[in-house]
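Examination of the molecular architecture
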Amino acid sequence: MSAPVEPVPVVVDARGLRCPLPVIRLAQAAADLPADSVVVLLATDVATRHDVPAWARMRGHQWVGVEEEPGGDLRLTVRLVARP
């Protein structure tokens with residue numbers, strides 16, 4: 001039996017944008033995606049470290065985590081959960 005296939009992440013590039021635009025772009029992308037989709041937000045605004053987990057929690061999605069790239073860019077990952 002093979003392991004489940006991880007969905008290919010949808011990448012939203014919000015580098016260079018300031019709050020609240022990165023979260024707005026994330027929400028716009030997520031609105032058209034099915035449950036279990038993985039969305040990666042690329043951002044440079046440090047506020048996204050707090051804004052994206054808060055957005056995920058408020059929307060009932062799963063916050064996966066944040067990684068900092070060598071140049072300082074952030075990769076913030078969320079898995080979308082179906083709404084009841």
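Residue numbers run consecutively from 1 along every chain, following the written order of its sequence. Under the rules for a predicted model, residues below a pLDDT of 70 receive no local features and side-chain atom pairs below 80 are neither given nor counted, while totals for whole chains, interfaces and linings still include all residues. Side-chain calculation: all heavy atoms of the structure are included, whereas hydrogens and water are not.

Comments concerning the pairing of strand E2 (residues 38–43)
Across the six residues that make up E2, a large majority, six, are buried. Here the term buried applies to any residue with accessible area under 20% of the maximum for its type, exposed to any over 50%, and partly exposed to those in between, with areas from a 1.4 Å probe on protein chains only. Strands are runs of DSSP state E lasting at least two residues, helices are runs of H or I lasting at least four, and both sets are numbered from the N terminus onward. Residues of E2 alternate between two faces, with Val38, Val40 and Leu42 on one and Val39, Leu41 and Ala43 on the opposite face, all of them buried. Where strand E1 (residues 10–14) lies against E2, five bridges are found, and the strand directions are parallel. Pairing of Val10 across the sheet is with Val39, part of E2. In this fold, the crossover linking E1 to E2 by way of helix H1 (residues 21–31) has right-handed handedness. Any two strands with at least two DSSP bridges between them are considered paired. Handedness of a crossover is defined as follows: with both strands directed away from the viewer, a clockwise route from the first strand across the helix to the second makes it right-handed.

A look at helix H2 (residues 48–59)
Under the convention used throughout, the expected extent of a helix is 1.5 Å for every residue step, that is, one less than its residue count. Across its 12 residues, H2 extends 16 Å between first and last C-alpha, which sits within 8% of the 16 Å expected from 1.5 Å per residue. Of all the positions in H2, only Thr48, Val52, Pro53, Trp55 and Ala56 are classed as buried. Looking straight down H2, one finds its buried side chains confined to an arc of 155°; they lie on one side. Opposite the buried face of H2, by more than 90 degrees, sit the exposed residues His50, Arg57 and Met58. Considering only its buried residues, H2 is in contact with H1, E2, strand E3 (62–68) and strand E4 (74–79). Among the residues trailing H2, Gly60 stands out with phi positive, at a value near 80°. Arc, as used here, means the arc of the directions from the helix axis to the C-beta atoms. Contact between two residues is taken to exist if any of their heavy atoms lie within 4.5 Å; hydrogens are not considered.

Digging into the pattern of salt bridges
Oppositely charged side chains may form a pair once their charged atoms are brought near each other. A side-chain nitrogen of Lys or Arg and a carboxyl oxygen of Asp or Glu constitute a salt bridge if their distance falls within 4 Å. In this structure the tally under the stated criterion is six salt bridges. Measuring nitrogen to oxygen at the nearest pair gives 2.6 Å for the salt bridge that ties Asp13 to Arg15. Classification of Asp13 by relative accessible area gives partly exposed; the value is 42%. On the accessibility criterion, Arg15 (41% relative accessible area) is partly exposed. Put simply, Glu68 and Arg49 hold a salt bridge, and the shortest N to O gap is 2.8 Å. With Glu68 in strand E3 and Arg49 in helix H2, this pair connects stretches of sequence that are 19 residues apart. The class of Arg49 is partly exposed, set by a relative accessible area of 35%. Because the salt bridges share partners, they merge into one network encompassing Asp13, Arg15 and Asp73.

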